[in-house]
Structure formats: C-alpha cells, structure tokens
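An overview of the molecular structure
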Amino acid sequence: MSKTPFVTKEKIEEIVKTYPTPFHIYDEKGIRDNMKALKEAFSWNKGFKEYFAVKATPNPYLIEILRELGCGCDCSSLTELMLSEAMGVVGEEIMFSSNETPASEYQYAQKLGAIINLDDITHIEYLEEALGMIPETLSCRYNPGGVFKVSNSIMDNPGDAKYGFTTEQLFEGFRILKEKGVKNFGIHAFLASNTVTNEYYPELAKQMFELAVRLKEETGANITFINLSGGIGIPYLPDQEGNDIYEIGNGVREAFEDVLIPAGMGDVAIYTELGRYMMGPFGHLVTTAIHEKHTHKEYIGCDACAVNLMRPAMYGSYHHITVLGKEDQPADRKYDIVGSLCENNDKFAINRMLPEIKPGDRLVIHDTGAHGYSMGYNYNGKLKSAELLLCDNKEVKLIRRAETPKDYFATFDNLPIYDKFNF
Ligand SMILES: *Cc1c(COP(=O)(O)O)cnc(C)c1O
C-alpha cells in the first residue's frame, strides 16, 4: 500500500508562485466527505452530534466546512471559546471539555451557554462559586483508572492520565449535582488516543452505557447524552489499514441496543469530540528541500521545521513523506529529513528510505491536518506558516496568512527599537 498526496506536483508548483513554502494545505472535499460518512454511520441515533475538537485544527474556515453538516465545537480554553463565538457557534453547540479550568473561563463558557463538562469532583464547588449557580445541564468526565483493553490488548493507560472522576467520585458527584438542581446529565470519557481499530468506540460505548444505567438506577439522574469524545485514529503508516467508520457506528449501535434500550434509555444522544479523525488525513505540510548534507549520515534540510509540525519531535511520530514528482522512483536512499531548529530532535524522518532528493524538490509531509499547525510554536524565533485550502473547485484559498516578524515582536509593547524595523 502507499499514500498518495491529494495535490499534484503541477498544482504545488503553481501554488508556490503565490504562496512560498512551507505551508499547510487542506482538502475541502476530503473533509466534507469524511464528515458525511461519520453522520451517516451514526444516523441511527436521533441526537447524534459531533463536536469538533477545536484544538486539533483551530481554523474557522475549516471548521465551517464541518459546521455546514451540523458539527458543533469542543473547546477547552478562552480563545477556543472565542473562536467558536466568532463563528456563531454558541449555546449547546459548544462542549466545554476543559481541565484545570480558571474561573473566568467557566464564566465565559456559561455566558455563551456552552455545555460544561467537569473534569473533577472538586470542580463542582469551584464552578458554583465561579458562576453563583449550577447549570441545569452538566456533564462529568469519567476515568476508570487501570488500563483500557480491547480483546485483551492494552490500548492506553487511563490510570496514568490526569483527567476525569473516579467511579466512586462520579456516583457521589451525580448525587451532589442532582441535589443542586441539575436536570440533564451527560457522561464523557476519553480513554485511548489515536486508536486504529474498529473496536475502540464500541468497547468504550459498552462500558459507558453500562455505567449510565447504573448511574441512573443508583442516583436517579436523568442522563441525556453520552460523549465518547475523541480517540478514533488515522493510519499514519502507509501499510496500516484505516478505521471503517460504518463498522464503528454499527458496533456502538449494537452496544446501545444491548444495554441502553432494555434499560429504557433509548433517547440518550451520542456525542463525539473527534479531532484527528476529522482533519488529520486532509492536511499536508508542503516544504522545499534547500540543503543536502553528507556527514555521518545523509541529511536533507528543508524550509519547514518542528515549529510547523511538532509531532515527530515531541512523540517520535511517523509522518509519511512523498517527494513530489518522484513517486515512481526507487526509494533507495536513506535520509534524515530535518528542519532548521538548533535542536537535534527537529527531524521529520529518521533513516527514512526515499528516492534521491535534490535541493528544490518539494516534499509532502502527510497527515498534518490535525495536531499539526495547531501545536506550532515560535522556538528559535521561527514564524508560523500560512494555511491554504484546496477548495472543491480546485481553487486555492489563503485561510490564514503566514506570520511575519511584526507578529513576533507584537507582544513587546514598548521596545525602543521597534519603530526602526519599518514593519
Ligand atoms: C484532544 C481532545 C479531543 C480530540 O482528540 P482526537 O484524538 O484528536 O480525536 C477530544 N476531546 C478532548 C477533551 C480532547 O482533549
């Protein structure tokens, strides 16, 4: 199997005449078709709603594509709330799944009418203090601890994660909240990340549905939604098979029919907060090779760096690379593909077999549509790149300009030399 870019070399050469590399480019058609498939896969559930995890790709132009198909926003900070507000996404179209939340952000979320998803039992009092009341609709985040297993293989380690209420705390929290007047309850859990298996959501759903039945029976709480959050992954590796969203939707439906319907809870809405799955495959980081270096290893230096895509440096993540125009040439060279940071983890690929690369070649780094641009930073004074959208009609639209030095200096309010730069 192989990975094929959604843009051709010809198109990229045309684009760089207006927008120099590096840049992120996104595929409108891919984003839309994928969202349609998700909706269809969960159409059996009347209240189904995807709240896009804004942190994955906080660009209003991209989120708008999902919005047209009924998507809301999952936020966890002030500026993410503001971004949603600026798009006209307010009220219960916002899920505020934050943690270690300042009082001012709870207040802002409440002002927008967002659904608040509490991360901890102590936040009940904190929230009440911050708002002067407790909202009628409230969600709590669950963390069962231990490890999360699917068919006996360990998928992730919730016991080590900072998030959520323990089981005991959840029951106690529900009792307290009910007494304080909460009328509609939600439960939320995010127990494994980037899962490339159709079994994660169905297994999570089964556990959450059983929990919901017990919570209802033991506390009398009216549970109106269950939020399966993020975690559906994408195949970063070229030989990996991706998830089948229809099979995932079906698996969740089976659990719903087995557990919730017999308990008289067939009206419960299923929510998701997918980020990676919604955007990851539909973004490329496009960069130009500018140097070749032959020392103890073979290096290709490019004009992008970890500032544009942090995942390889931060997690050692694999991102597939295509050398545009050389797709059919043998991958007979072993390279480290590196950026310009004074930091030796600034490597997009290590010991990667690729066709011979020469300065001027354009490289497509795949699957950068989620947790790509958004994790960027300004180390070494590097500036963040532009974001482009390849529209349905194949036109290219600038959806965020590249940063300039003026942006970098903007937070020094009174730098004496500032005026001399002639920004
Ligand atoms: C990051 C995050 C998501 C999205 O996760 P993906 O792995 O991108 O699907 C959803 N919900 C919360 C609370 C998150 O922190």
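Residues numbered from 1 in each chain as written. Predicted model: local features only at pLDDT ≥ 70, side-chain atom pairs only at ≥ 80, totals over all residues. Heavy atoms only, no water.

1. Looking at the site of the ligand
In the region of the ligand, 14 residues are neighbours, and Lys-55, Glu-273, Gly-275, Arg-276 and His-371 sit closest. At a separation of 3.0 Å, an oxygen atom of the ligand approaches a polar backbone atom of Gly-275. Within the side chain of His-371, a nitrogen or oxygen atom sits 2.7 Å from an oxygen atom of the ligand. Split into classes, the residues belonging to the shell around the ligand amount to 3 nonpolar, 6 polar and 5 charged. (Near = heavy atom within 4 Å. Polar contact = N/O pair within 3.5 Å; in protein donor to acceptor, adjacent residues only side chain to side chain. Nonpolar A, V, L, I, M, F, W, Y, C, P; charged D, E, K, R; others polar.)

2. Observations regarding the domain arrangement of the protein chain
Partitioning the protein chain into structural domains gives domain 1 (9-23 + 281-412) and domain 2 (28-280). Centre-to-centre, using C-alpha coordinates, domain 1 lies 32 Å away from domain 2. In this complex, domain 1 contributes 21 residues to the contact, which on the side of domain 2 involves 25 residues. Both sides together, the interface formed by domain 1 and domain 2 hides about 1900 Å², and carbon and sulfur atoms give 57% of it. (Domains from an automatic or database assignment. Contact = heavy atoms within 4.5 Å. Buried area = accessible area lost by both parts, 1.4 Å probe.)

3. What about the environment of Asp-346?
Within the element layout of this structure, Asp-346 appears in the loop between strand 15 (333-338) and strand 16 (347-354). Take Asp-346: its relative accessible area is 2%, and that puts it in the buried class. For the pair Asp-346 and Met-314, spaced 32 residues apart in sequence, the C-alpha to C-alpha distance is 9.2 Å. Residues contacting Asp-346, with those up to four places away along its chain left out, are Cys-305, Ala-306, Val-338, Gly-339, Ser-340 and Leu-341. Polar contacts involving the side chain of Asp-346 include one to the main-chain amide nitrogen of Ser-340, which spans 3.1 Å. (Helix = DSSP H or I, 4+ residues; strand = E, 2+ residues; numbered from the N terminus. Buried < 20%, exposed > 50% of the residue type's maximum accessible area, 1.4 Å probe, protein only.)

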